[in-house]
Amino acid sequence: MENIRFISTTYVQPQNQIDHQFTKLELTPCDVQLLLVETIQKGLLFHKPDKQSLKLIEHLKASFSRTLDIFYPLAGRLAVTENEDDNTTSFSLDCNGAGAEFVHAAADGVTVADILDPVLVPDNIVYSLFLMNGVLNYEGKSKPLLAVQVTDLVDGIFIGMTMNHSVGDGTCFWNFFNTWSEISRSGTSTMAKPIFGREFLDGIIHLPIRIPFFQYLNPEDKVVLPMPSLKQRVFHFRKEKIAALKSKANAQMATCKISSLQALMGHLWVSITRARGLISSATEDAVSQEITKYIVIVGMRQRLHVPLSDQYLGNAVLFVTATTTVGELLQGGLGFAAMEPNKVIALQTEQEVKTFLEGFVENPSLPKGSAVMKSNSLITGSSPRFDVYGNDFCWGRPVAVRSGSGNKVDGKLTVFAGACLWSETLQALAEDEEFMQKSTSSLPPVLLEQRMFHFSKENIAGIKAKANSQMGTSKISSLQALLGHLWLSIARAECHSSGTDQETKYKVLVGMRQRLKPPLPDQYLRNAVLFGVVKSTVGNLVEQGLGWAAWEMSRMVASQTEQEVKKFLEDWMESPQVTNIRGVANRILLTGSSPRFNVYGNDFGWGRPVAVRSGAGNKYDGKLTVFPGAEEGNIEFEACLSSETLQALAEDAEFMDSVTNVRASQLLHRIELTPWDLTRMKFSYMQKGLLFHKYHSSEKELADGIFISCSVNHSVVDDTSFWHFLNTWS
């Protein structure tokens, strides 16, 4: 890619090269079998850090070196021994500390959206974010075993890591990534140290492995990048849909043994085989006998009598294959397709592992990457168990994971990242309604939608009266009753997918101005709010009902005293916590803004607005923004929820009966930010806008109206200040 500009290249060595227990590690059969395939290439996409680029690079480089202290064999090289006594070749890992490659680059003009937004993965961009494209693992005798490229984007950063696959598997890869990010973030690592010894093979086989007639590949035999006709697309499957696939597969086969991943693999196997069009006119009498295979990479760590630790540095995987005919697969459907991988995986016992190891020593087999895959086959690597999104280097969690060009063939399905298939197959999948119904397709992983819910003052009064009556009190306010009503209704809407034991939380922004002595004026131009939280299990909330939910809100708000405010400020100064709104967990609702703001009084000279809407800032599943209604006493909620939850709410007669259908006819040189302000450093800008009927002017306008939007840095002002500005402007 022409946009990539290489800024610096460094060979990073472990900081401490003494007291290393091992100077040489023999490659095992699981390692040797991968010598003629390509490296592991995975990378993480982040939003742009606040740190200056060069300081950040030095920080990452230093923490990378400290991580190599722990994983010191990865700073070495492969060593080759030619055994003249029997004309064989042996490979080992020489822990010589030669160094890992660290490259700082820039992708000029490339944004985060350029990587995330296209339906198909933009390979021309993504592949350029990795080093050692096309390198085979045996080349580790002269090339680094580990290489990192840190690439600056316009508004983000991409950390792409390449690891020689003959010295470690996916577990090792992500152990290194996790350790590096933790050291970068906190200065130390709490993870268990890697294990380098090969003692688990004692009594089974002898090392080193002797490979007869090993031949190095000619440069012209190497394929540097996947063929252009291969395309990639990321398919996201929500846990609710995975659970439904698992349930359906087990029901069809009258079993409970099929796992979530096996059900998903079966679903993909059937869908891709159908999309490949292998049977153009399938009937009961004309069934294709063409063979189709699904190759699954199975971990062997837990299959040994004494389990092999996840910290073991080396490969510990086997390739197993489920085989059937195209006709049997399509006729058998999901249950049959999921059961076939289940059966071959269940066969991988400790005895099978020993048989593989002993057989490999007798007759080493080193397949080339492309030779592993046959026509009409699929292969799945990686694992959903790897801690990918926990890699926070000190500026926030990654927003996406992508893989490089290594080992990309038609039918390669990486379980967390995407599918690599012929472009015609991907197009057919996109047109397969049954498949796409199970996939939420492109970003975001949860399909979010928004809807305005309008509540008349009469309905609000009814909800308030009901809540107070149920609790034998008069302290529950109109807003607290309405918040309780929303919390209960959304929990009820999500109850079937989440289960009654799932915890649910509601965070509410509580104003602090009137809780201080003396009170802080509303004209104070800064943040003055705290997050208050109520929580329950879904089952308890639904059982207790409206009054209890509203009373929990009331108690939480009442607990926010001046003393609590002071405690928050003092604690924050001791241990500052910057909230990352993108990391809000599932089943947490959050309400911001206030029905007290003078929203509909903003008349700029041609009449009052007819509606208020907010922008994309700080939107996630569960964000409920409250506004006053256009008519006095009414309240509006802008609900940002999953499409399934919104649909369930729309079908909830009790909830919809409460909803009203509405149609619209002094500068300072420097000011220090407070803890309230600083907690929002990682928030998006606050975005609100007003919709008006048509106004005749030379300015750009809508066909029959005008929309005025305003974006303000949330670390400078809160909602009160926002609407004061807009009120003053109008």
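Residues numbered from 1 in each chain as written. Predicted model: local features only at pLDDT ≥ 70, side-chain atom pairs only at ≥ 80, totals over all residues. Heavy atoms only, no water.

Looking at the packing of aromatic side chains
Scanning the entire structure with this criterion turns up 33 aromatic pairs. With a centroid separation of 6.2 Å and an interplanar angle of 85°, the aromatic rings of Phe-22 and Phe-196 are classed as edge-to-face. Linking Phe-22 in the loop between β1 (4-12) and β2 (24-26) with Phe-196 in the loop between α5 (170-186) and β9 (211-212), this pair joins segments that are 174 residues apart in sequence. Geometrically, the ring pair formed by Tyr-72 and Phe-196 is edge-to-face, given 5.0 Å between the ring centres and 70° between the ring planes. Taken together, the positions of Tyr-72 in the loop between α2 (53-70) and β4 (77-83) and Phe-196 in the loop between α5 and β9 put the pair 124 residues apart, joining distant regions of the chain. Take Tyr-72 and Phe-196: they sit in the same class, and that class is buried. Members of the aromatic cluster, connected to one another through ring pairs, are Phe-46, Phe-64, Phe-71, Phe-102, Phe-173, Trp-174, Phe-176, Phe-177, Trp-180, Phe-393 and Trp-395. One cation-aromatic arrangement involves Lys-507 over Phe-531; the distance from NZ or CZ to the ring centre is 5.7 Å. (Phe/Tyr/Trp six-rings, centres within 6.5 Å; stacked < 30°, edge-to-face > 60°. Helix = DSSP H or I, 4+ residues; strand = E, 2+ residues; numbered from the N terminus. Buried < 20%, exposed > 50% of the residue type's maximum accessible area, 1.4 Å probe, protein only. Lys NZ or Arg CZ within 6 Å of the ring centre and 35° of its normal.)

Comments concerning the sheet that holds strand β24 (residues 686-693)
Strand-to-strand pairing in sheets goes through backbone hydrogen bonds, with the strands running parallel or antiparallel. Spatial strand order, β21-β24-β25: 3 strands in an open sheet with antiparallel pairing. The two strands at the open ends of the sheet, each matched to only one other strand, are β21 (611-614) and β25 (705-712). Averaged over all pairs of adjacent strands, the angle between strand axes in this sheet comes to 20°, irrespective of strand direction. Inspection of the sheet shows β24 paired to β25 by 8 bridges, in the antiparallel sense. The residue of β25 that forms the bridge with Gly-689 is Ser-709. (Pairing = 2+ DSSP bridges. Axes fitted to C-alpha atoms, helices over the stretch in contact; angles between N-to-C directions.)

Topic: helix α8 (residues 326-346)
Spacing of three or four residues puts side chains on the same side of an α-helix, whose turn is 3.6 residues. Taking 1.5 Å as the rise per residue, α8 with 21 residues should run 30 Å; its terminal C-alpha atoms sit only 23 Å apart, a clear shortfall. Its maximal kink placed at Gly-333, α8 deviates by approximately 125°. (Expected span 1.5 Å × (residues − 1). Bend = angle between axes of the 7 residues up to and from the residue.)

Structural notes on the nonpolar core
Membership of the largest hydrophobic core comes to 67 residues, with the highest contact counts inside it found for Leu-35, Phe-64, Ile-159 and Trp-180. By size, the runner-up hydrophobic cluster in this structure holds 46 residues, among which are Leu-482, Leu-488, Tyr-506 and Leu-641. (Core = buried A, V, L, I, M, F, W, Y, C linked by side-chain atoms within 4.5 Å.)

Some points on the pattern of salt bridges
Inspection of every chain in the model, using the stated rule, returns 15 salt bridges. Arg-210 is the salt-bridge partner of Asp-85, the closest N and O atoms lying 3.2 Å from each other. Taken as a pair, Asp-85 in the loop between β4 and β5 (88-94) and Arg-210 in the loop between α5 and β9 lie far apart in primary sequence, 125 residues in all. Glu-240 is the partner of Arg-238 in a salt bridge, and the nearest nitrogen-oxygen pair spans 3.4 Å. Accessibility expressed as a relative area gives 13% for Arg-238, which makes it buried. A single network of salt bridges, built from pairs that share partners, joins Asp-85, Asp-86 and Arg-210. (Salt bridge = Lys/Arg side-chain N within 4 Å of Asp/Glu carboxyl O.)

Focus: the pairing of strand β7 (residues 146-152)
With 7 of 7 residues buried, β7 lies mostly within the body of the structure. Residue alternation in β7 divides its side chains into two sets, Leu-146, Val-148, Val-150 and Asp-152 and Ala-147, Gln-149 and Thr-151, and both sets are buried. With 7 bridges joining them, β7 and strand β8 (residues 156-163) adopt antiparallel strand pairing. When the sheet's bridge partners are listed, Val-150 is paired in β8 with Ile-159. Taken together, β7 and the strand that follows it, β8, pair antiparallel across an intervening segment of 3 residues.

With respect to the side chain of Ser-184
In this structure, Ser-184 sits in helix α5. From its side chain, Ser-184 meets the backbone oxygen of Phe-393 in a polar contact 2.7 Å long. Look past the residues within four positions of Ser-184 in its chain and what remains in contact with it is His-59, Leu-60, Ser-63, Phe-393 and Cys-394. (Polar contact = N/O pair within 3.5 Å; in protein donor to acceptor, adjacent residues only side chain to side chain. Contact = heavy atoms within 4.5 Å.)

Remarks on the packing of helix α13 (residues 457-471) against helix α16 (residues 546-558)
Across the interface, α13 lies against α16 with an axial gap of 8 Å and an inter-helix angle of 90°. Classified by the angle their axes make, α13 and α16 are roughly perpendicular. Mapping the contact onto sequence places Ile-463, Lys-466, Ala-467, Gln-470 and Met-471 in α13 and Leu-546, Gly-547, Trp-548, Ala-550 and Trp-551 in α16. Of the residues assigned to the contact of α13 with α16, the class counts are 7 nonpolar, 2 polar and 1 charged. (Parallel < 35°, antiparallel > 145°, perpendicular 65-115°, else oblique. Nonpolar A, V, L, I, M, F, W, Y, C, P; charged D, E, K, R; others polar.)

Some points on the sheet that holds β1
Taken in spatial order, the 6 strands make up an open sheet running β1-β6-β7-β8-β3-β14, and their pairing is mixed. Because the sheet does not close on itself, it has two edges, and the strands there are β1 and β14 (400-403). The mean inter-strand angle of the sheet, taken between neighbouring strand axes irrespective of direction, is 20°. Direction of pairing for β1 relative to strand β6 (residues 100-107): antiparallel, over a ladder of 8 bridges. Directly across from Thr-10, in β6, lies its bridge partner Phe-102. Of the strands in this sheet, β1, β6, β7 and β8 touch α2, which is tilted by about 160° from β6.

Quick look at the side chain of Ser-721
Checked against the element boundaries, Ser-721 lands in helix α21 (residues 719-729). Looking at Ser-721, the relative accessible area reads 4%, which means it is buried. At 3.2 Å, the side chain of Ser-721 and the backbone oxygen of Tyr-524 are in polar contact. Those residues in contact with Ser-721, other than ones at most four positions away along the chain, are Arg-513, Tyr-524, Leu-525 and Arg-526.

A few points about the pairing of β8
The element β8 is extensively covered by neighbouring structure, given that 8 of its 8 residues are classed as buried. The alternating pattern of β8 places Gly-156, Phe-158, Gly-160 and Thr-162 and Ile-157, Ile-159, Met-161 and Met-163 on opposite faces, both of which are buried.

Here's the deal with the confidence of the model for the chain
The predicted model of the chain averages 85 in pLDDT, with 85% of residues at 70 or higher. Every residue in residues 663-670 is under pLDDT 50, and counting partners more than four places away or in other chains gives 3 contacts. (pLDDT = per-residue confidence, 0-100.)

Remarks on the environment of Lys-475
Within the secondary structure, Lys-475 is located in the loop between α13 and α14 (478-498). Exposure remark for Lys-475: the relative accessible area of 62% places this residue in the exposed category. Contact partners of Lys-475, with chain neighbours within four places excluded, come to Asn-468, Gln-480, Trp-551 and Ser-554.

Side note on the environment of Phe-173
Here Phe-173 lies in helix α5. A residue is classified by how much of its surface remains accessible, and Phe-173, at 0% relative accessible area, is buried. With 133 residues separating them along the chain, Phe-173 and Ile-40 place their C-alpha atoms 8.0 Å apart. Contact partners of Phe-173, with chain neighbours within four places excluded, come to Ile-40, Lys-42, Met-161 and Met-163.

Observations concerning unusual backbone geometry
Residue Pro-208 follows Leu-207 across a cis peptide bond; omega there is 5°. Here Pro-208 is to be found in the loop between α5 and β9. Cis geometry marks the peptide bond from Lys-517 to Pro-518, where omega comes out at -5°. Looking at the element boundaries, Pro-518 is found in the loop between β18 (503-511) and β19 (529-537).

Side note on the packing of α2 against α5
Each pair of packed helices gets described by two things: the angle between the helix axes and the distance between those axes. Interaxial distance between α2 and α5 falls to 9 Å at its minimum, and their mutual angle equals 130°. Viewed along their axes, α2 and α5 adopt a mutual orientation that is oblique. Seen along the crossing, α2 lies across α5 with a hand that is right-handed. Of α5, the residues touching α2 (which contributes His-59, Leu-60, Ser-63, Phe-64, Arg-66, Thr-67, Leu-68 and Ile-70) are Phe-176, Thr-179, Trp-180, Ile-183 and Ser-184. (Left-handed = near helix turned anticlockwise from the far one by under 90°.)

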